[in-house]
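Letter by letter, the chains look like this.
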Amino acid sequence: MTDTAPPCRALVLFGATGDLAKRMLWPSLYALHCDGLLPEPFQLIGAAKSALDHGTWVERVRESILSSANAKLFDEATFAAFSGRLAYVSVDVQSAESVAAIKSALKPADGAQDGAHQGGVIFYLSTGPQLFGPIALALNAAGLVDTRSRIVIEKPIGTDARTANEVNSAIGSAFAENQVFRIDHYLGKEAVQNLLALRFANAIFEPLWNANAIEQVQISVSESVGVDGRWPFYDSTGALRDMVQSHLLQLLCLVAMEPPASFTPSAVRNEKVKVLWSLRPITAANAATHTVRGQYTAGHSAGEPAKGYLEETGARPASDTETFVAVKAEIDNWRWAGVPFYLRTGKRMTRRSSEIAIQFKAAPYNIFAGIGATLSPNTLLIKLQPEEMITLTLMHKKPGMNEVKLAEVPLNLSVGEAFETSRRRIAYERMLLDVLRDNSALFLRRDEIEAAWQWVDGIIAGWKEAGLAPKPYSAGTWGPSAAIALAERNGHSWHE
Ligand code: BG6
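One structure accompanies this document, and this report is about it. (Residues numbered from 1 in each chain as written. Predicted model: local features only at pLDDT ≥ 70, side-chain atom pairs only at ≥ 80, totals over all residues. Heavy atoms only, no water.)

Our next topic: the pattern of salt bridges. By the definition in use, this model includes 28 salt bridges. Here arginine 62 ties to glutamate 76 by a salt bridge, and the two come within 2.8 Å at their closest N and O atoms. One end of the pair, arginine 62, is in helix α2 (residues 54-66); the other, glutamate 76, is in helix α3 (residues 76-83), and 14 residues separate them in sequence. Taking relative accessible area as the criterion, arginine 62 reaches 19% and is therefore assigned buried. (Salt bridge = Lys/Arg side-chain N within 4 Å of Asp/Glu carboxyl O. Helix = DSSP H or I, 4+ residues; strand = E, 2+ residues; numbered from the N terminus. Buried < 20%, exposed > 50% of the residue type's maximum accessible area, 1.4 Å probe, protein only.)

Bringing the pairing of strand β6 (residues 180-183) into the picture now. Along β6, one buried face is formed by Val180 and Arg182 and the opposite face, lined by Phe181 and Ile183, is buried too. Bridge count for strand β5 (residues 150-154) against β6 is four bridges, and the pairing is parallel. In the sheet register, glutamate 154 faces β6, and the bridge partner there is isoleucine 183. Between the parallel elements β5 and β6, the chain passes through helix α7 (residues 161-172) in a crossover that is right-handed. (Pairing = 2+ DSSP bridges. Right-handed = clockwise from strand over helix to strand, strands pointing away.)

For α2, built from 13 residues, the straight-helix expectation of 18 Å at 1.5 Å per residue is met to within 8% by its first-to-last C-alpha distance of 18 Å. Those residues of α2 that fall on the buried side of the exposure criterion are Trp57, Val58, Val61, Arg62, Ser64 and Ile65. The arc enclosing the buried residues of α2, seen along the axis, measures out at 165 degrees, which places them on a common side. Lining the buried residues of α2 we find α1 (19-34), β2 (43-48), α3 and β3 (86-90). (Expected span 1.5 Å × (residues − 1). Arc of directions from axis to C-beta. Contact = heavy atoms within 4.5 Å.)

The next point concerns empty space enclosed by the protein. Under the definition given, this model contains two cavities of 30 Å³ or more. When its volume is computed, the largest cavity comes out at roughly 110 Å³. Along the wall of the largest cavity there are 14 residues; nearest its centre are Lys155, Gln245, Ser246, Leu444 and Ile449. Elements that contribute at least two residues to the lining of the largest cavity include exactly β6, α10 (238-256) and α15 (446-466). Taken together, the residues of the lining of the largest cavity sort by class into seven nonpolar, three polar and four charged. Ala16, Thr17, Lys22, Trp26, Trp57, Arg60, Val61 and Ser64 are the residues that line the second largest cavity. (1 Å grid on protein atoms, 1.4 Å probe; cavity = no way out; pocket = protein on both sides within 12 Å on 5 of 7 lines; lining within 4 Å. Points joined across faces, edges and corners; volume = space filled by probe spheres on them. Nonpolar A, V, L, I, M, F, W, Y, C, P; charged D, E, K, R; others polar.)

Further remarks concern the site of the ligand. Around the ligand, the neighbouring residues are Lys155, His185, Tyr186, Lys189, Glu223, Arg230, Asp242, Met243, His247, Lys347, Arg352 and Gln385. Computed on the free molecule, the ligand has an accessible area of 400 Å², of which 79% lies beneath the protein chains in the complex. Per element, the largest residue contribution to the shell around the ligand is three residues, and it comes from α10. (Near = heavy atom within 4 Å. Areas by Shrake-Rupley, 256 points an atom, 1.4 Å probe, with all protein chains shown as cover.)

A volume near 270 Å³ is recorded for the second largest pocket. Along the wall of the second largest pocket there are 16 residues; nearest its centre are Arg293, Asp320, Glu322, Ile460 and Trp463. Mapped by element, the contributors of at least two residues to the lining of the second largest pocket are α10 and α15. Split by residue class, the lining of the second largest pocket holds five nonpolar, five polar and six charged.

Every regular strand shows the same layout, with side chains that alternate between the two sheet faces. Extensive coverage of β3 is indicated by the burial of four of its five residues. In this sheet, β3 lies alongside β2 in parallel orientation, the contact comprising five bridges. The residue bridging glycine 46 from the neighbouring strand is tyrosine 88, located in β3.

By the burial criterion, the buried members of helix α6 (residues 132-141) are Phe132, Gly133, Ile135, Ala136, Ala138 and Leu139. Where α6 is buried, its residues contact β1 (10-14), α4 (96-100), α5 (102-105), β4 (121-125), β5 and α7.

In this section: the sheet that holds β6. Strand order in the open sheet formed by six strands is β3-β2-β1-β4-β5-β6, and the pairing between neighbours is parallel. In this open sheet, the two edge strands, each paired with only one partner strand, are β3 and β6. Taking each pair of neighbouring strands and ignoring which way they run, the sheet shows an average axis angle of 20 degrees. Relative to β2, β1 is paired through five bridges, and the arrangement is parallel. The residue bridging leucine 11 from the neighbouring strand is leucine 44, located in β2. Contacts from α1 reach β1, β2, β3, β4 and β5 within the one sheet, and its direction differs from that of β1 by about 170 degrees. (Axes fitted to C-alpha atoms, helices over the stretch in contact; angles between N-to-C directions.)

All right, on to the packing of helix α11 (residues 265-277) against α15 then. It is at 9 Å that the axes of α11 and α15 come closest, and there the two elements cross at 15 degrees. It follows from the interaxial angle that α11 and α15 lie roughly parallel. Where α11 crosses over α15, the handedness of that crossing is left-handed. Between α11, through Arg269, Lys272, Val273, Leu276 and Trp277, and α15, the contact on the second element is made entirely by Asp447, Glu448, Ala451 and Ala452. When grouped by side-chain class, the residues that make up the contact of α11 with α15 number five nonpolar, no polar and four charged. (Parallel < 35°, antiparallel > 145°, perpendicular 65-115°, else oblique. Left-handed = near helix turned anticlockwise from the far one by under 90°.)

Next up, the structure:
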């Protein structure tokens, strides 16, 4: 805990039976328990609509751990101790009286009469975003919010700058800004945090970290999965709102921000928001040259036939929602003037891969040209998934006596290899621990969310005004060929 962190005594998880809770949140809380990182005492209260008795609830939590990436941490004795923290309340979040029932599940601390009035409760809203405001207001009306409470919400926060502002205002009427933790789970990924260490704990990169030495930056998050199962949600969202507004812009901020004065939440977030404010607007005038929208058609994924977006379960026969987007972003400041930041993300692409590639400028002159050697520019590659890895490619002489032959060789700084004992954690473990520690450095502030939406809203308005429809791409490919042209127009190509 930070020295000044007020102690928390319970976490109430709304949407406790939902998909995210099952796959990520309960397994992450269990891992924190195993590592002795949960406070004592600390209750974990699940809140959802279904009526479940205690035994059934404990069994459900056990199953979610056993079917998760943290299953290997499971053992009966540890789970028995963990289950001592668990409680479940059936809540209809639309009803303020029903939300007030949470009070009865909160155990009073030793010697106290009433659990509800001791504060220090974390409320995690793993629910639809339309419920964030109503739940926050109902918690407040029930007297469950005090200065030690925290609220955790997750994207999507709104669907544009206006609705994000509405959600933030509703939450803000019950919780102060320093009590609000807006999660972007990409910031909990180990490699992303390593990017901060790489930039700000090593002196060698800073002199090179600007437009003088860097040619281009690529941030690419490709997924091999489609949207089957959540078509209606996805169709009202699209790749730009779903991924770029949040994860990709956050990664861009971490690459592009100035060194913060300290690693405190306000110092880090002040620098991130400045980057968002410096993004050059994309409008109808430049949307066609700076963006590409795509939508997958039938093809193959992992060697199996894959349906097109419009043939997925629940699909409407016509939709112009993009499942792929590529953007050439430009940052108008001294450090980055003239350096393109290519952002690319999509469903049903060739493979699952998230990476940041920072390509340095080419050597000014090739003294090896006479012997037929070509030089590749150095690239710093930060891979987030499927494996976590940082490599720097350098030109190297191939061993041999007769002639000089050059090859591009990656220098590996693989997290897994350097620290063999470290277990690969679910990103939510880190995020939950930061909430417990009251450390919001890796959570988004209200102005960041709204600045990101403003830039994205401009692109969406530009697409509409310019009539830019998604271009088809076959499932299992890297997206429409226009995305290749987007980079090629500037003499660049995608790192693959
Ligand atoms: C979510 C998006 O925020 O991130 C999903 O809504 C996407 O559409 C997911 O699949 C990707 O997360 P990860 O951690 O699997 O890359």
